[in-house]
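# Architecture and fold: a report
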Amino acid sequence: MKRRAFLTSAGVGLAASGIAAPAIAQTQPDIQWRLASSFPKSTDILMGTSEMIAKRVAEATDGKFQIRVHAAGEIVPGLQVLDAVQNGTVHCGHTCGYYYVGKDPTFAFDTAIPFGPNARQQNAWHQYGGGQELMRSFFKNYNIIQFPAGNTGAQMGGWYRKEIKSLADFAGLKIRIAGIAGQIMTKLGATPTQIAGSDVYPALEKGTIDAVEFVGPYDDEKLGFYQVAKHYYYPGWWEGGPQVSLYVNLKEWDALPKSYQAILTAACAEANSAMTARYDAENAKALKRLVGKGALLRPYPRDLMEAAHKIAFELYDDLSKTNPAFKTVYDSWKPFLDEAQLWFRVAELPYDNFVQSAGRSK
C-alpha cells in the first residue's frame, strides 16, 4: 500500500512539473524589435556584432525576443541612429556616441576622445570607475539607456593622398573624421568633415576629401581606401580604445520583462569583448595584405602629435568651463585615466615593449 501510494503521488508530482515548465515559458511575451546600425554591411565585424547580439537574445529566449538588424541607410542614415532611438523610430541602435557631439560634446565619452584610454582602460572606467552611472544619467536626457557593445581597440590614423611630413602639411587638408577630434583638426589647420561609413570611399575617390580615418586594416581593406590614397598613418591618437554602444529607447527598455533585460545586458557584454578579440585576430593579417598591395605605412610626425596633445587637453579644460555635463564626466574620466596610465606604465607597457623588441632581435 505504501508503494502504491508513493507511485501515485510521484505520478501526480511529475505531471504537475511537466505542466509547470511550459506554463512559465508561455508567460513570456513575443517581442520584435528593430535595430538600426550606423555601419554598412561591408564592415562585417561591426555589423556582425549587432547580429551576434540579436542571435544571443533570440537563443536565450527560445525565439520569443527577436531583434531585426538593419544596416546604415536601410531605415535611417548612419549618423541619425541616436535620433531614431530617441524618438522611437527604432527600438535600439548600434552606434558611436562621438557621432553626436554636435548635440553635446559629452557624447564623445561614450566612444573616445583624443589621447584617451585604450580598450581595457575604457572598460575599467565604464564598469568600475563610475563611467556607466555618469553616462546613463546623461543619456537619460535623450530617452536612452546605453550599453557598451563593442570596442575596436586602438585605430589607425587614416589614409592620405599625400605624405604628411610635418604639422605644416595639415594646412587646408580636408579629412573625414568624427567627434571632438574634428575640433582639434581645425586648430591644426585641417578642415574636418563627418561622413557616414558607407559614403566615405566615393568622397575620397572624387577628391571631395583629401584623407579619411575609419577603423583599422581589416575594415579599411574591405572599403578599398588604399586604391585612392596610399599613405597609411598611425596611430589613431583620437581613438585609443573607441567603444561602440547599443542605445535602447528607455520606454522600450522599461517595458521589457526583467529576464529579457538580463539577457540583452549579457549579450551586449559578450559583444563588447568579442569585437576587440576579432579585430585583434584580423588586423595584423589585413595590415600585411595592405602593404603588399602598395600601402605606404607611416608614423605621424612627432611635432603634429605633440601639438594635437596640447590642443586636446586645452580644449577639454575650455569645455569643462562652459558645459556642466561635460565637466561632470571629465572630472571622473581624467583622474581615472591618470591612475590607469600609471599602472600601465609600470607593468603593461614595459612588458609589451620588451617582448616585441626581443622578438625582433631573433
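Look up: the structure comes first, before these words.
First, a word on what this report is: a plain description of the structure on this page. Not measured: the values here are computed from a predicted model.

What counts as what
- Residues numbered from 1 in each chain as written.
- Predicted model: local features only at pLDDT ≥ 70, side-chain atom pairs only at ≥ 80, totals over all residues.
- Heavy atoms only, no water.
- Pairing = 2+ DSSP bridges.
- Helix = DSSP H or I, 4+ residues; strand = E, 2+ residues; numbered from the N terminus.
- Axes fitted to C-alpha atoms, helices over the stretch in contact; angles between N-to-C directions.
- Buried < 20%, exposed > 50% of the residue type's maximum accessible area, 1.4 Å probe, protein only.
- Contact = heavy atoms within 4.5 Å.
- Phe/Tyr/Trp six-rings, centres within 6.5 Å; stacked < 30°, edge-to-face > 60°.
- Lys NZ or Arg CZ within 6 Å of the ring centre and 35° of its normal.
- Left-handed = near helix turned anticlockwise from the far one by under 90°.
- Nonpolar A, V, L, I, M, F, W, Y, C, P; charged D, E, K, R; others polar.
- Salt bridge = Lys/Arg side-chain N within 4 Å of Asp/Glu carboxyl O.
- Expected span 1.5 Å × (residues − 1).
- Polar contact = N/O pair within 3.5 Å; in protein donor to acceptor, adjacent residues only side chain to side chain.

Right, let's get into the sheet that holds strand E2 (residues 65-70). With mixed pairing, the 5 strands of this open sheet are ordered in space as E2-E1-E3-E10-E4. The sheet is open, and its two edges are formed by E2 and strand E4 (144-151), each paired on a single side. Neighbour-to-neighbour, the strand axes of this sheet turn through a mean angle of 25°, independent of strand direction. Two strands pair when backbone bridges link them, and strand E1 (residues 31-37) and strand E3 (residues 92-95) are joined in this way by 3 bridges, in the parallel orientation.

Strand-to-strand pairing in sheets goes through backbone hydrogen bonds, with the strands running parallel or antiparallel. Taken in spatial order, the 6 strands line up as E7-E6-E8-E5-E9-E11 in an open sheet, and their pairing is mixed. Because the sheet does not close on itself, it has two edges, and the strands there are strand E7 (191-193) and strand E11 (296-299).

The subject of this paragraph is the environment of Phe-115. Note that Phe-115 resides in the loop between E3 and helix H4 (119-128). The exposure class of Phe-115 is buried, given its relative accessible area of 15%. Sequence separation between Phe-115 and Phe-313 is 198 residues; the distance between their C-alpha atoms is 8.8 Å. The residues contacting Phe-115, other than those within four sequence positions of it, are Trp-237, Trp-238, Met-305, Ala-308, His-309, Ala-312, Phe-313 and Leu-337.

The next point concerns the packing of aromatic side chains. Per the counting criterion, the structure on display carries 29 aromatic pairs. Ring centres 6.1 Å apart and planes at 35° place the aromatic pair Tyr-160 and Phe-170 in the tilted group. Of the two residues, Tyr-160 is situated in strand E5 (residues 158-160) and Phe-170 in the loop between E5 and strand E6 (174-176); the sequence distance between them amounts to 10 residues. One exposure class covers both Tyr-160 and Phe-170, and it is buried. Ring pairs connect the aromatic residues Tyr-98, Tyr-99, Tyr-100, Phe-107, Phe-138, Phe-139, Tyr-142 and Tyr-247, which therefore count as one cluster. Arg-136 extends its terminal NZ or CZ atom over the ring of Phe-147, reaching a point 4.5 Å from the ring centre.

This brings us to the packing of helix H2 (residues 44-60) against helix H10 (residues 258-292). At a minimum axis distance of 9 Å, the contact between H2 and H10 shows a crossing angle of 145°. Along this stretch, H2 crosses H10, giving a crossing that reads as right-handed. Residue-level contacts link Asp-44, Ile-45, Leu-46, Thr-49, Met-52, Ile-53, Arg-56, Val-57 and Ala-60 of H2 to Ile-263, Leu-264, Ala-267, Cys-268, Glu-270, Ala-271, Ala-274, Met-275, Arg-278, Tyr-279 and Glu-282 of H10. Taken together, the residues that form the contact of H2 with H10 break down as 14 nonpolar, 1 polar and 5 charged.

Looking now at the pattern of salt bridges. Side chains that differ in sign of charge can pair as their charged atoms come close. One pass over the structure, following the stated rule, counts 17 salt bridges. Residue Arg-56 is joined to Glu-270 by a salt bridge in which the shortest nitrogen-to-oxygen separation is 2.8 Å. On the criterion of sequence distance, the pair formed by Arg-56 in helix H2 and Glu-270 in helix H10 is long-range, its members being 214 residues apart. Put simply, Asp-44, Lys-222 and Arg-278 are held in one network by salt bridges that share partners.

Cis geometry marks the peptide bond from Tyr-234 to Pro-235, where omega comes out at -5°. When you line up the elements, Pro-235 lands in the loop between strand E9 (231-234) and strand E10 (243-249). Unlike most non-glycine residues, Phe-115 shows phi in positive territory, near 60°. We note that Asn-143 has phi near 60°; this positive angle belongs to a residue other than glycine.

Its 35 residues place the ends of H10 51 Å apart at the C-alpha level, agreeing with the 51 Å of an ideal helix rising 1.5 Å per residue. Phi turns positive, to about 110°, at Gly-294, one or two residues after H10.

A separate point is H4. All buried positions along H4 are accounted for by Ala-119, Gln-121, Gln-122, Asn-123, Trp-125 and His-126. By the N-cap criterion, in which a side-chain oxygen at the helix start approaches the backbone nitrogen of a residue two or three places on, H4 is capped by Asn-118, the distance to Arg-120 being 3.2 Å. Gly-130, located one to two residues past H4, shows a positive phi value of around 90°.

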